Each structure stands twice: as structure tokens, then as C-alpha cells.
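Read off the chains here:
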Amino acid sequence: MTNALLLAATVMALTLCWGQGQSMDMTLTPGTSGAQVVDAVVDKVHAHCLFNNDRLFLRRLAYVESHDGTDPKTYRQGYDGGIWQVDRSMLTATQSCANIIKRECDIIKQEFGIDWTKVTWSQLRIPLYSGLAASLYLIQRLANSHVIPGDIAGQADIWAHYYHLNEPTGTYITLAAEATQYSTYIDCQGALDLAFLMDSSGSIMTSDYLLQLNFVAEVVKALPVGPDRVQVANVVFGTIAEVAFNFSTYSDKQDIIDDIKNTDKDNGGTNTPTALNLTRTVVFDPANGARPGARKVAVLLTDGESYDFNLTVQEAEKLRSEGVIVFAIGIGYINLQELLAVASQPVCSHVYVLDNYAHIDSILYEIQKSTCEAPLVLTPNHPVVGHVGENGTTVTVGAFRPLDNDTVLAVRSNCSILDVFVSYTNPHPNAALYTEKYTTTDGKPAFITMEGQKHGLPVYVTVVGSRLPNNTAQLANCSDFTYKLTLENVTKVEIVCREKSTYRDCHPEDFVGSKFESLLCPDQTPVNNPCTPSNLAASLLLHPHPYLNNYFIKCDLLGRMYITLCPNGELFNKATLSCGFDNQVVNGGVPLPSDYRNPCSPQSVQNGLYFFAYSNDKHQYIQCDVWGGAWLKDCAPAHVWNDQAHTCVPDTLHEFDKTTVAPFEVRNPCTPQALAAGTLFFPHPCDHTKYIHCDIAGNYYIQACPAGMFFDPATFVCSPIDPQVNDPACGTGRK
């Protein structure tokens, strides 16, 4: 190398990952799948208030319908419903964008640039489109007359009657429980400081006040209270406002509940501004037990009729500016305008009305979910520090304060590897949706400029950490596996390259082989592409990274290479061509036996053919990966592989019950043409309280409408209106 690298002034730049930042949005990539893709779609829908208060129904629905898109049937040939399995008729039912869903269609056009009236069924292979279609269909079917319950059993009934008609509710109950178990999906890991502001004024009726006390007690009961987890404080206000107890007052959950339930009613005025001020200046003061590194949430329960609207709004803004997430819950005869002005954005997920005991569970679930998922607040004086567990750690933070041009977000790791995802729009960035991505290791932190804040945007950062492998950790004498995020003012540093007498900007290849090679991040370091035609012909699609033993190189069948980090800090094993030191189970399956012909040819993969029958066992099938690898997978219990449907189907299928139509001979309407067109529902020939439901294998079933409803052939749904259609072939017309 003839270039001499010149380093200016300070060594700060030696730890800066070079050339970072490339956006990713898998929600707009056709055919993508997985939990992170689904989470990103749901976050987009909720961020724009498109499916308010769905109580995780949209999230659960993705898993119930297609296992988050990983089920082989998801993107099958001839069906374009995508992750949420939206039939063509369901999409068509939403495309007038009239009346009930006009607001939602307008938001979709404004925020996403999508004219819903022109969306084609094939576009539902794009995850965001499939999620939007499911949301619009449910909003229209429910027609604002049904509130989606928070409990899984209640949601199963909605699913069976309005989405996947007359399917057994047990299917939804089982799968939904897998998708969103409280311990995994809503997990209050880390510290949360939760303050309640309870209105005890005279405008609150006694019955509503008791409802309020019971609700707050139920929220506390559901959360993991403890010194290192959730701390609770309470402010009570009427004519005056006072702190009932601080975060440091109680550490026992029952003591908190007892104190709340014994709170006396004031019956005076509504001094909401002072209550908000006390919460900001006293309750969230570290001297009273507030923890600098904790998520901060305030839940205001009031009728919204404070003595001074403008002052209330000003105090709420000051509280939010300190990084506190504010919920506003209306009690009794509410002033909705004031509740909306007080709450954090988006207000649709931070404003609720508690009007009877029946709604406690549903609102409780939303509060639990939102408080547990609230981002940690990062400010210049309050860094975020945490421990990377043995199974890894995920933490989301938000930096909300205005920053000057010299301020950067510094992310450092100790004995750990961190993937850092940054977004200015999504409060929970992940591998499927981010604006910028960084990777850090020991001695190689990332420094991230807050570009979004120049435009007044918040900054959200998700850190996904894993420990260094055991052998590497032992060599490094690791005893503490931690991460640290800080806002820092740094002196600008520039590295320049000189070629003979000419100075120029440096390129990544200038660093390779020099003493400054550590400046490069792994995915920016030049590496010769091993995906040569000869290696592809020999099916050599995995290769070790030339000098980073926790990375490897994947080849696709077009000769493109992908530098990939092993999970959980594992090292790449050159002998087994896998991460770790044993053969890995990939895609939930096992390698195809070596004596069985691999059907995953380059031609098959290029043509999108990823699933094949396994002739040795009808209860198994073969799934291809994009590199031509073949993996043997099991069907669900009591299911067998159907090669025509390209999915597993029940081993014993229901037969059509002809007793209701004798002597008329029923013909199967589930033709290949009907399936290709996405038409899965047909009227029963003789009983208008029933209909025919096709499965994707072309089998047909009798289904019954709910009591008092009739199948409408025009809309493909059950309706309270009797269509009164006669069919002479039945002899006596329809029943």
C-alpha cells in the first residue's frame, strides 16, 4: 500500500466504526417472514392509529394464520393473502374505502403513499399490505359495534365469527397463547418507575372513584414490583395535590395495593396542574427513589375537567420533556380535549376511557403492554447501563432532548457483541425495520450522530447483545458482560489519506493491512467473493470469514455473498460449516438424508419452488433454503403433506354432509380455478343458513352461520339479512 494514513489530533476516532448506516425495511419486501417482520408491521399500524386498541389481536392473528409467515402455505402458488392470509374477497370488501374505513384509508394514503382502492391482491405478499388489509377488514366487519377483548378466549370468538369463519376457537386459543405469552412478548425486564395521578375531586362520582381505585390496584397486581424491576408512586389531587407515597416508600406489592385502596376522596376542585408539577419535580426526583436508568411512565386518571386547561397542558408538556411517557385515562364525565392534550403521542395508544368494570381487563392489558415496552429515556446526564445475560439481552432506548451538532450517541460493550438498530419513526427498531445499523465489540464502540434530531424527530435505538464465546471470554478474562449508552460531546476528528503528495478521503480498502485496520467494521471490510461459478457448481455455499472467526460468508445461487454474524457469540466452525461446534438444526428441521436426492436445485430456487414432498414419510416434507440446502421438517400432529397444496393438511378430512340436500347431487365447487382466484366460500345449494368453505387443497366443508344469520353470496359473509335465493335444483327452493 502506497498510501500513508494520517490521524488528526485525537485518538477518539480509532474506536469509531467506519462507514456505518444503511436502512432496512423488510415490511415492504415481498415474501419476507418472521416475528421481527410481524412486529415491525404491527408497530407501523399502531404508530399511525390505524387499528386502535386491538389488544394484540393483529399480532396474534399473524401467528395463528401463518406462524408469522414461516408456514409453508403462506406464500404458496396461486394464493396472495400473505402473512395474515387475507382472501381476495376480504381485500375486495375493503376497497371502496367508504364510511366505516374512510378515515383509515385516508391515513394509509397520507402516511404510506398507498391508494388502497388500487391495491391488487398480489401486493398482499408484501407484509405491510397484508397487515393493513387484515386491519381494514376487521374494522369494517366489526363496524365499531364490537370492542376487541383483551383475553385470548374472547378474541378466539371474534376470529371464528368474523375472520376465519366457524373455525374451532380452540385453534386460535392454542396458537395465540404461543405467539404472545406474557413472559416473552410483554416482558418488563429492567427498571420501570410508574407513577399514578389519581383525581379525587368532587366531580368524580363515588362509584367512578371506586372503579379508579380498583383499576390502579389491578395494574399494580399485574406488574413485577421490586427494587430492580417496577417501582410505584402515587399522587392524589383534588383542591390540593399531594404525594401519597414515593418510589422509595414501599418495596412490597401488597403494601402498595393496600395504600391505594385506602385512599380518601377529597371532593374538592380539580388541581391537575399541581399534580403534574409534583410528579415531575418531586416524584421523579432521584432523592425520592426515582432511578436515572429506569423507564418513566405516568398514568393520569381524571375526568379531564381541571381548573386551568392551559396550565394543565403546559405542565404535561414539561413532564413529557423530561422523558416521561404520559397516559391519560378518562373517568366519569370526561373532557376528551384535555385528555388528548395531556397524553404522549400517539394519543390513540395513550388515551383511554374507563367507564365500567367490564373494560378494566382490556385497558389493563394495554397499559401493561405499553408501560413494559416504553423505551428507556436517554439524556446527557443519565446514561443507560445494563447487563448482557447468558441468553442475550434486548433493550430499547429513546433520546428525546434536542442535541447540538457535536453530540453523538456512544454505544460501548464489555465482553459482548452488540447489534445496534436506529430509527427516527419506529419506537421499536429491529433487524426487519431500521434506519441505520451498527455492530460493536470490545474496543470498537459505535458513535452515532443524531441526524433525525436536526429535524425535530425522536431517536429510537434497540440494542441486541450477546456475550463473547466462552473461550474468547476466558482469554479476555471477562467477568462482567455489559453495555453502556451515553450522549457525549466529541471533538471532531478526521482521518485523511495521502497518496504521494495528494490528500484525499480514505476508502475502506486503504485500511486493510495497516495498523488502523481496527477502524473497519466487519461488514465494511473488503473481502474477496468466494461465490465463484466453480464453488456454486460444487454446492459450496458457506465459507469462513478470512480473519473474523465469529462471522461467515453465505453465497446465494446468483453468486452474491453475505457476511453474517454467528448468533449468541458463537464461532464459525470450518469443519462443520456451521456456527458452534456441532451440526446446527436449520429452519426448524434436520438435514436431508445423504442418500435422498436433493430437490433444491438452482432452477427450483430461482423459480421460487421451496417445498417438496418427502416420499419416505407423508408426515414430513422438504424445505429448501435460498442457498439450495434441503431440510427435512415435520408436519403438525395428525397432518400430512399435500403436494398440490404445498402445505400440510389434516390427515382425516371432513366429508360434505349431503343429508341436507338429498336427492340433489352436490358438486365440489373448490376447483383449481376457484382456488387460484382466491374464492374459498360458496353458498350452500339448499340451506341459506350454511355455506361451503374450501381449504387450499381443494377439499370442501359445510359451515354454519351464527344463529340468526344467513350467508350472503354477494359479500361472502354471514349477514342478518335473508337473501331469499331459490334454487330449482333443490326441488323446493332454498330452506
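Residues numbered from 1 in each chain as written. Predicted model: local features only at pLDDT ≥ 70, side-chain atom pairs only at ≥ 80, totals over all residues. Heavy atoms only, no water.

(A) Inspection of the packing of helix α5 (residues 127-142) against helix α6 (residues 152-163) at higher detail. The N-to-C vectors of α5 and α6 enclose an angle of 90 degrees; their axes lie 11 Å apart at closest approach. What the angle tells us is that α5 and α6 run roughly perpendicular. Here Ala134, Tyr137, Leu138, Arg141 and Leu142 of α5 come into contact with α6, specifically with Ile158, His161, Tyr162 and Tyr163. Across the contact of α5 with α6, the residue classes break down as seven nonpolar, one polar and one charged. (Axes fitted to C-alpha atoms, helices over the stretch in contact; angles between N-to-C directions. Helix = DSSP H or I, 4+ residues; strand = E, 2+ residues; numbered from the N terminus. Parallel < 35°, antiparallel > 145°, perpendicular 65-115°, else oblique. Contact = heavy atoms within 4.5 Å. Nonpolar A, V, L, I, M, F, W, Y, C, P; charged D, E, K, R; others polar.)

(B) Seen up close, the pattern of salt bridges. Throughout the structure, instances matching the rule amount to 14 salt bridges. Two residues, Arg59 and Asp68, come together in a salt bridge whose shortest N-O distance is 3.0 Å. Among the salt bridges present, the one from Glu317 reaches Arg320, with a minimum N-O distance of 2.7 Å. Taken together, the residues Glu317 and Arg320, both in helix α12 (residues 309-321) and three residues apart, mark about one turn of the helix. Note on Glu317: relative accessible area 41%, which makes it partly exposed. For Arg320, a relative accessible area of 21% corresponds to the partly exposed category. Here the salt bridges share partners, and the residues they tie into one network are Asp39, Arg59 and Asp68. (Salt bridge = Lys/Arg side-chain N within 4 Å of Asp/Glu carboxyl O. Buried < 20%, exposed > 50% of the residue type's maximum accessible area, 1.4 Å probe, protein only.)

(C) Representation of helix α9 (residues 206-222) within the structure. Taking 1.5 Å per residue, 17 residues should reach 24 Å; α9 reaches 25 Å between its end C-alpha atoms and fits that length. If you check which residues of α9 are buried, you get Asp208, Tyr209, Leu211, Gln212, Leu213, Phe215, Val216, Ala217, Val219 and Val220. (Expected span 1.5 Å × (residues − 1).)

(D) Highlighting the state of the cysteines. Enumeration according to the criterion identifies four disulfides in this entry. In this model, Cys97 is linked to Cys105 through a disulfide, with the two sulfur atoms separated by 2.1 Å. One quick way to see it: the torsion about the S-S bond of Cys97 and Cys105 is about -75 degrees, and its sign makes the bridge left-handed. With respect to burial, Cys97 and Cys105 carry one shared label: buried. (Disulfide = S-S within 2.5 Å.)

(E) Representation of the nonpolar core. Ranked by size, the top nonpolar core spans 67 residues in total, and within it Trp84, Val86, Trp116, Leu124, Leu132, Trp159 and Tyr163 carry the most contacts. Contact partners of Val86, with chain neighbours within four places excluded, come to Tyr79, Gly81, Leu91, Trp121, Leu124, Ser130, Ala133, Ala134 and Tyr163. One finds Tyr209, Val216, Val230 and Val232 within the second-largest nonpolar core, a separate group that totals 31 residues. (Core = buried A, V, L, I, M, F, W, Y, C linked by side-chain atoms within 4.5 Å.)

(F) Inspection of the packing of helix α1 (residues 35-47) against α5 at higher detail. Where α1 contacts α5, the axes come no closer than 9 Å and their chain directions differ by 55 degrees. If you check the angle between α1 and α5, you find them oblique. Considering how the two elements wind past one another, α1 and α5 form a crossing that is right-handed. Side by side, α1 and α5 meet where Val37, Val41, Lys44 and Val45 of the first sit next to Pro127, Leu128, Gly131, Leu132 and Ser135 of the second. (Left-handed = near helix turned anticlockwise from the far one by under 90°.)

(G) Representation of the environment of Ala341 in the model. Following the sequence through the fold, Ala341 ends up in helix α13 (residues 336-342). Counting along the chain gives 31 residues from Ala341 to Asn310, while the straight-line C-alpha distance between them is 9.6 Å. Beyond its immediate chain neighbours, meaning those up to four positions away, Ala341 contacts Phe309, Val313 and Arg320.

(H) Expanded view of the pairing of strand β8 (residues 351-354). In terms of strand pairing, strand β7 (residues 325-331) meets β8 through four bridges, oriented parallel. Bridge assignment links Ile329 to a residue of β8, and that residue is Tyr352. Following the chain from β7 across α13 to the adjacent parallel β8, one finds a crossover that is right-handed. (Pairing = 2+ DSSP bridges. Right-handed = clockwise from strand over helix to strand, strands pointing away.)

(I) Layout of the sheet that holds strand β34 (residues 700-704). Reading across from one edge, β32-β33-β34 is the order of the three strands in this open sheet, with antiparallel pairing throughout. The open sheet has two free edges, formed respectively by β32 (681-683) and β34, since each of these has just one partner strand. Averaged over neighbouring strand pairs, the angle between their axes works out to 35 degrees when direction is ignored. In terms of strand pairing, strand β33 (residues 690-694) meets β34 through five bridges, oriented antiparallel. Its bridge partner lying in β34, Lys690 is registered against Ala704.

(J) Representation of the packing of aromatic side chains within the structure. Going through the model one piece at a time under the given rule, you end up with 14 aromatic pairs. Between Phe57 and Tyr172, the aromatic rings sit 5.8 Å apart at their centres with planes inclined by 45 degrees, giving tilted as the arrangement. Remark: Tyr172 occurs in helix α7 (residues 169-179) and Phe57 occurs in helix α2 (residues 57-66); sequence separation between them is 115 residues. With respect to burial, Phe57 and Tyr172 carry one shared label: buried. (Phe/Tyr/Trp six-rings, centres within 6.5 Å; stacked < 30°, edge-to-face > 60°.)

(K) The sheet that holds strand β21 (residues 542-544), seen in detail. Here we have three strands laid out as an open sheet, ordered β21-β22-β23, and antiparallel in their pairing. A strand with exactly one partner marks an edge of an open sheet, and here the two such strands are β21 and β23 (561-565). The sheet shows a mean angle of 30 degrees between the axes of neighbouring strands, direction not considered. Relative to strand β22 (residues 551-555), β21 runs antiparallel, the two sharing three bridges. Directly across from His543, in β22, lies its bridge partner Ile553.

Don't take any of this as a statement about function, it's just geometry.
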